[in-house]
Structure formats: C-alpha cells, structure tokens
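# Descriptive structure summary
Now for the letters of each chain:
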Amino acid sequence: MRIGICDTTFARFDMGAAAIDELKNNATDLTIIRQTVPGVKDLPVTAKILIEEENCDIVMALGMPGPMEKDKVCAHEASTGLINAQLMTNKHILEVFVHEDEEDNPEDLKVLAENRAREHAQNLIKMMYHPKAMRKEAGTGVREGKPNVGPL
Ligand code: RDL
Ligand code: RDL
Ligand code: RDL
C-alpha cells in the first residue's frame, strides 16, 4: 500500500507526523510519501500528484484553517478542491482539517489536532485493510478528535 500524506506549514501543529506515527504503529506493509505545502489551498493538487504521479492508493490531506472569515472561505475552497481531486482520480483523499477556532485554548487545540490526525489515520487503516471493521461502525456516531457522540 502506498499512502500519500500532504500537509501545510500554515498549520500550528505537525499533524502529518502524528498521522504517520499512527499509520506505522498499525500497519507494516506501507510506503509513505509526504509532501508539505504552504496552505490548505495547495493541498488538492498535491494530493492529485501523490495519486497520479506517486501512485498512492489513498491520501491524507491535513491542514488548519484559521479563525477569520477569509480563512473559512479558503477552507471551503480547499475542501471543494479535495473532493474534485477524488472525483478525478477515483481515490480517497481523507480531509483532516482542524479549525483554529474549534478550541479557545492553544493546549486544547494541540490535543484536538493530534487526536484528529491519529483517528483519521485509524480510519484510513480500517478503510484500506479492514473494511468489515468500518462497516460494523456504521451509524454509531463516530467523531474524530473529540469523543464519539454515539448512536441515537
Ligand atoms: O497558494 C498559496 C496560498 O494562497 C495558500 O497556501 C492558502 O491556502 C494560504 N491560506 C490563506 O491564504 C488564507 O487566507 C491559508 C489560510 N487562510 C488558512 O486559514 N489556512 C491555510 N492556508 O492552511
Ligand atoms: O475525509 C475525512 C473527513 O473530512 C470527512 O469524512 C468529513 O465528511 C467528516 N465531517 C466533517 O469533517 C465535519 O466537519 C463530517 C461532518 N462535519 C458532518 O457533519 N457529517 C459527516 N462528516 O458525516
Ligand atoms: O459536532 C461537533 C463537531 O463534530 C463539528 O464541529 C465538526 O464540524 C468538527 N470537525 C471539523 O470542523 C472538521 O474540519 C470535525 C472534522 N473536521 C472531522 O474530520 N471529524 C469530526 N469533526 O468529528
């Protein structure tokens, strides 16, 4: 399995490193190709290059939208680009975004960023290696980085 990791220098926590650590702890037969770009709007083409030129089977795109209105627009544009890249390549790109205003306190934001990156890495492992395990969790209110909310 070839796994692409793309991340940004804009982010205030190294989510790429957390994701890679989690992937390596949970699977052995994988090759990781990592590319870092300035910000989230640079992620869609990077993810597409990882798929088409580096032959990645799946990509994680990690980034941190800032708190301003223009950052949220930027994040939405990046997200739309990531979805387009998935539709163009027929490969999954897991969007791992942590909005800076999800937490007030920098220490809590750091914990959220680390946990969300690790939990999406676990999602990737399930999707690619254990799809039945993921199917078992259908409709169970799973969240990433914060406690699961659970089923109704
Ligand atoms: O292509 C260069 C930049 O335009 C690109 O890196 C942007 O994603 C950078 N950027 C913004 O210009 C912005 O207004 C980012 C944010 N906000 C943001 O909130 N988070 C980012 N990048 O990762
Ligand atoms: O690619 C991995 C995730 O980005 C993707 O699964 C998203 O759909 C997850 N997600 C959010 O990131 C979010 O902010 C979801 C919601 N909100 C939501 O409200 N409902 C979802 N997913 O099913
Ligand atoms: O309902 C509380 C949260 O789930 C909600 O605020 C989400 O939108 C938070 N969230 C993001 O903002 C995001 O960019 C989530 C993700 N990504 C994500 O990938 N997984 C989540 N929440 O569970």
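Now for a look at the structure at hand. (Residues numbered from 1 in each chain as written. Chains lettered and ligands numbered in written order. Predicted model: local features only at pLDDT ≥ 70, side-chain atom pairs only at ≥ 80, totals over all residues. Heavy atoms only, no water.)

### So, the site of ligand 2
Every residue lining ligand 2 is accounted for by Leu 94, Glu 95 and His 120. Taking Glu 95, its main chain carries an N or O atom lying 2.7 Å from an oxygen atom of ligand 2. Surface burial for ligand 2 is 26%, taken as the share of its 480 Å² of free accessible area covered by protein chains. (Near = heavy atom within 4 Å. Polar contact = N/O pair within 3.5 Å; in protein donor to acceptor, adjacent residues only side chain to side chain. Areas by Shrake-Rupley, 256 points an atom, 1.4 Å probe, with all protein chains shown as cover.)

### Quick look at the site of ligand 1
Near ligand 1 the following residues occur: Phe 10, Pro 38, Gly 39, Val 40, Lys 41, Asp 42, Met 64, Pro 65, Gly 66, Asp 71 and Cys 74. Residue Gly 39 places a main-chain N or O atom 3.0 Å away from an oxygen atom belonging to ligand 1. Backbone polar atom of Met 64 to a nitrogen atom of ligand 1: 3.3 Å apart, as the coordinates give it. Contact with the protein chains covers 71% of the free accessible surface of ligand 1, which is 480 Å².

### A word on the nonpolar core
Residues Ile 5, Met 15, Leu 23, Met 60 and Leu 62 are the most contacted members of the largest nonpolar core, which totals 25 residues. Breaking this core down by element, the ones donating at least two residues are strand E1 (2–8), helix H1 (15–26), strand E3 (58–63), strand E4 (93–97) and helix H4 (106–129). Residue contributions to this core peak at seven residues, all from H4. In this view, Leu 23 contacts Ile 3, Ile 5, Leu 30, Ile 32, Met 60, Ala 121, Leu 124 and Ile 125; residues no more than four positions away in its chain are not counted. Counting residues in hydrophobic clusters, the runner-up holds 17 residues, among them Ala 47, Val 59, Ala 85 and Phe 97. (Core = buried A, V, L, I, M, F, W, Y, C linked by side-chain atoms within 4.5 Å. Buried < 20%, exposed > 50% of the residue type's maximum accessible area, 1.4 Å probe, protein only. Helix = DSSP H or I, 4+ residues; strand = E, 2+ residues; numbered from the N terminus. Contact = heavy atoms within 4.5 Å.)

### Remarks on the environment of Pro 44
Here Pro 44 shows up in helix H2 (residues 43–52). Between the alpha carbons of Pro 44 and Met 134 there is a distance of 25 Å; along the sequence they are 90 residues apart. Not counting residues within four places of it along the chain, the set of residues in contact with Pro 44 comprises Ala 78, Gly 81, Leu 82 and Ala 85.

### Digging into the pairing of E1
Of all seven residues in E1, six are buried, a share of seventy percent or more. As defined by bridge partners, E1 adjoins strand E2 (residues 31–37) across seven bridges and the pair is classed as parallel. Counterpart to Arg 2 in the pairing with E2 is Thr 31. Read from E1 through H1 to E2, the crossover connection turns out right-handed. (Pairing = 2+ DSSP bridges. Right-handed = clockwise from strand over helix to strand, strands pointing away.)

### Some points on the packing of H1 against H4
Helix-helix packing: each pair is described by the crossing angle between the helix axes and the interaxial distance. Two elements in contact, H1 and H4, have axes whose closest approach is 8 Å; the angle formed by their N-to-C orientations is 40°. As far as their axial angle goes, H4 and H1 are oblique. Considering how the two elements wind past one another, H1 and H4 form a crossing that is right-handed. Residues Met 15, Ala 18, Ala 19, Asp 21, Glu 22, Leu 23 and Asn 26 of H1 pack against Ala 113, Glu 114, Ala 117, Arg 118, Ala 121, Gln 122, Leu 124 and Ile 125 of H4. Looking at the contact of H1 with H4, its residues break down into nine nonpolar, two polar and four charged. (Axes fitted to C-alpha atoms, helices over the stretch in contact; angles between N-to-C directions. Parallel < 35°, antiparallel > 145°, perpendicular 65-115°, else oblique. Left-handed = near helix turned anticlockwise from the far one by under 90°. Nonpolar A, V, L, I, M, F, W, Y, C, P; charged D, E, K, R; others polar.)

### Quick word on the pairing of E4
Of all five residues making up E4, four are buried, and the element is well covered by its neighbours. Taken together, the five bridges between E3 and E4 define a ladder with parallel strand orientation. Across the sheet, the residue bridging to Met 60 is Leu 94, located in E4. Taken together, E3, helix H3 (residues 69–89) and E4 form a β-α-β motif whose crossover is right-handed.

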